[in-house]
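# Understanding the architecture of this molecule
Here is how the chains run, residue by residue.
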Amino acid sequence: MGHYQWNWAIILEEVYGTGEYYYQWLITGLGWTVATALSAWVIALVLGSLIGTARTAPIKWLATLATAYVELFRNIPLIVQLFLWFFVLPEVVPERLGLWMKQDMPLPEFFTAMIGLGLFTAARVAEQVRTGILALSRGQKNAGLALGLTLPQTYRYVLLPMAFRIVIPPLTSEFMNVFKNSAVALAIGLTELTFQMRQITGEYAPANPIEVMTMVSAIYLVLAFSVNRLMAFIERRVQVPGYISGGK
Amino acid sequence: MQLDWSAIPRAADFLFEGFKYSLSLTAFAAVVGIVFGTLLAMARLSSIKPLNIAASIYVNLFRSVPLLLVIFWFYILVPLITGYDVGAERSAYVTFAIFEAAYFCEIMRAGIQSIPRGQVGAGQALGFTYGQNMRYVILPQAFRNVVPLLLTQTIILFQDTSLVYVVGATDLLGAADKIAHRDNTLVEMYLAVAVVYFVISFSLSRAVKALHARIAIIR
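Let me begin by describing the structure that accompanies this report.

The rules behind each value
Residues numbered from 1 in each chain as written. Chains lettered and ligands numbered in written order. Predicted model: local features only at pLDDT ≥ 70, side-chain atom pairs only at ≥ 80, totals over all residues. Heavy atoms only, no water. Contact = heavy atoms within 4.5 Å. Buried area = accessible area lost by both parts, 1.4 Å probe. Salt bridge = Lys/Arg side-chain N within 4 Å of Asp/Glu carboxyl O. Polar contact = N/O pair within 3.5 Å; in protein donor to acceptor, adjacent residues only side chain to side chain. Helix = DSSP H or I, 4+ residues; strand = E, 2+ residues; numbered from the N terminus. Axes fitted to C-alpha atoms, helices over the stretch in contact; angles between N-to-C directions. Parallel < 35°, antiparallel > 145°, perpendicular 65-115°, else oblique. Nonpolar A, V, L, I, M, F, W, Y, C, P; charged D, E, K, R; others polar. Left-handed = near helix turned anticlockwise from the far one by under 90°. Core = buried A, V, L, I, M, F, W, Y, C linked by side-chain atoms within 4.5 Å. Buried < 20%, exposed > 50% of the residue type's maximum accessible area, 1.4 Å probe, protein only. Expected span 1.5 Å × (residues − 1). Phe/Tyr/Trp six-rings, centres within 6.5 Å; stacked < 30°, edge-to-face > 60°. Lys NZ or Arg CZ within 6 Å of the ring centre and 35° of its normal.

This part is about the interface of chain A and chain B. Taken together, the contact between chain A and chain B spans 33 residues of the former and 35 residues of the latter. Of the roughly 3,100 Å² buried where chain A meets chain B, counting both sides, 78% is carbon and sulfur surface. Here chain A and chain B share one salt bridge between them. A salt bridge links Arg206(B) to Glu71(A); its shortest N-O distance comes to 3.5 Å. Our count for the chain A to chain B interface comes out at four residue pairs in polar contact (both at pLDDT 80 or more). Every element with two or more residues in the side of chain A that touches chain B is listed here: helix H2 (60-74), helix H3 (78-92), helix H9 (193-204) and helix H10 (209-237) of chain A.

Residue and element names in this part refer to chain A. Interhelical geometry of H9 versus H10 gives an angle of 170 degrees and a closest axis separation of 9 Å. What the angle tells us is that H9 and H10 run roughly antiparallel. On H10, the residues that touch Leu193, Thr194, Met197, Ile200 and Thr201 of H9 are Pro209, Val212, Met213, Val216, Ile219 and Tyr220. Residue composition of the contact of H9 with H10, grouped by class: nine nonpolar, two polar and no charged.

Packed helix pairs are specified by the crossing angle of their axes together with the interaxial distance, meaning the distance between the axes. Residues and elements named next belong to chain B. Contact geometry of helix H4 (residues 67-82) with helix H5 (residues 87-113) gives a least axis separation of 9 Å together with a crossing angle of 130 degrees. It follows from the interaxial angle that H4 and H5 lie oblique. In the crossing of H4 with H5, the sense of the turn from one axis to the other is right-handed. Across the interface between the two elements, Leu67, Val70, Ile71, Phe74 and Tyr75 of H4 pack against Ala88, Ser91, Val94, Thr95, Phe96, Ile98 and Phe99 of H5. Residue composition of the contact of H4 with H5, by class: 10 nonpolar, two polar and no charged.

This part takes up the nonpolar core. If you look at the biggest cluster of nonpolar residues, it comprises 144 residues, and the most contacted ones within it are Ile79(A), Val80(A), Phe96(B) and Val166(B). Residue contacts for Val80(A): discarding those within four places in its chain leaves Leu173(B), Tyr190(B), Val193(B), Ala194(B) and Tyr197(B).

Residues and elements named next belong to chain A. Take Thr121: it is sitting in helix H5 (residues 108-135). The exposure class assigned to Thr121 is buried, which follows from its relative accessible area of 1%. Within polar-contact distance, the side chain of Thr121 engages the backbone oxygen of Leu117 at 2.7 Å. Once residues lying within four places of it in the same chain are set aside, the contact partners of Thr121 are Trp41, Ala44, Glu174 and Val178.

Okay, the environment of Leu82(A) next. All names here are of chain A. With respect to the helices, strands and loops of the structure, Leu82 is situated in helix H3. Taking relative accessible area as the criterion, Leu82 reaches 4% and is therefore assigned buried. Sequence spacing of Leu82 and Val184 is 102 residues, and the spatial spacing of their C-alpha atoms is 8.4 Å. Apart from the residues within four sequence positions on either side, Leu82 is in contact with Thr112, Ala113, Gly116, Leu117, Val184, Ala185 and Ile188.

When the terminal C-alpha atoms of helix H8 (residues 168-181) of chain A are compared, their 19 Å separation across 14 residues agrees well with the 20 Å that a helix rising 1.5 Å per residue should span. Within H8(A), 10 of the 14 residues are buried, which leaves the element mostly enclosed by the surrounding structure.

Okay, the packing of aromatic side chains next. In total, this model carries 26 aromatic pairs over all chains according to the counting rule given. Relative to Phe175(A), the ring of Trp41(A) lies with its centre 4.6 Å away and its plane at 10 degrees, an arrangement referred to as stacked. With a gap of 134 residues between them, Trp41(A) in helix H1 (residues 22-56) and Phe175(A) in helix H8 connect regions that are remote in the sequence. As far as the burial class goes, Trp41(A) and Phe175(A) line up, both buried. Between Phe87(A) and Tyr190(B), the aromatic rings sit 5.9 Å apart at their centres with planes inclined by 45 degrees, giving tilted as the arrangement. Highlighted residues: Phe87(A) in helix H3 and Tyr190(B) in helix H9 (residues 186-215), drawn from two different chains. Its end group placed over the ring of Tyr103(B), Arg63(B) keeps NZ or CZ at 5.1 Å from the ring centre.

Structure (structure tokens):
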């Protein structure tokens, strides 16, 4: 450690022999991280809400199917899931589709990461949504039905608006997780932030890994903090009067 | 396409080596993480300001960055600091113990905070010192309250050890990957790994659920 040559300005230097600068590489990485995390989050929210709701529905086969989805996607590590989507799926689908996925699909790493991470996170969102619905008192559902609402209407106008507000804190954690988990996509070659850090510290700036790692970690901290603030803002806007979390 | 499932029994020995590493990494990180996490939780709840702040920074730092990034930190930093090339497998022990401590800390903190305040007062009234009070009154109850959460986190930890693949360690996934590339059996190997992780994680989470129902304290 004694001979470590500190150089915080490394970030402004040109990457040897490429005509590009280190900060440009990190910005590209940040772009892919944000794009992957946000698009995966949209998939996770939509699909997760449907599956979480289905798990509470009084329709046996639908609830069973939704439970199977959650168990399957929760009990296999994310990196293995990404490998299954990226390497295994093209081999087991009909040959022409598999060839297209391997050769002609645009941005294969990005779309695989987006869908893989989205489906993985959907299982976790589903669990939060289900918990939210189950946390409501039974009277709410009965009241909706007694008013003559159909079951879907009861969900739409009575149960879900309440459930979603209750689960904002755990959803905040999941939203932050999506950013952190997007780093796993480096394993299938997506040039996101951690991939770029690895690239820079490994091959191009082996003398200054600490500075680069510190900067990348700081970027993740800023991302996590921004998500946290955004969700806190939403939580304040939609709070329900009379509930503990809703103040007065 | 033709799948060659006999590739799996042929590679069984090497896969088992990788699997044993995954298990030992999980066990080590869980034990050290819980002990260190409990100390961190006590620090976070302490009235000594600097201790409290230091523990909060530690926990929030590790909970805000990706585990994968932390794996790279230690993979690069441990040799830089110690001057020895310790290798991916050994640096992962350090990484996981330190990283998981932050998560176990939050679980233990919730456990300690779930104990009624009167219990602390009762311990003090008996003449227990802080350490005795923690050891004989608070921690045993807190621990019991959060055993299901600690086990659930350990199952997540077990799945997360697969990430050491990225620094080239030979865990279950790493072993399967090496065989897969040597014999060109990607499909068979990755599917086999997925099945192993699923069967283990699924059965353990079922067991935790059953345990939770049994030990829940009724108040």
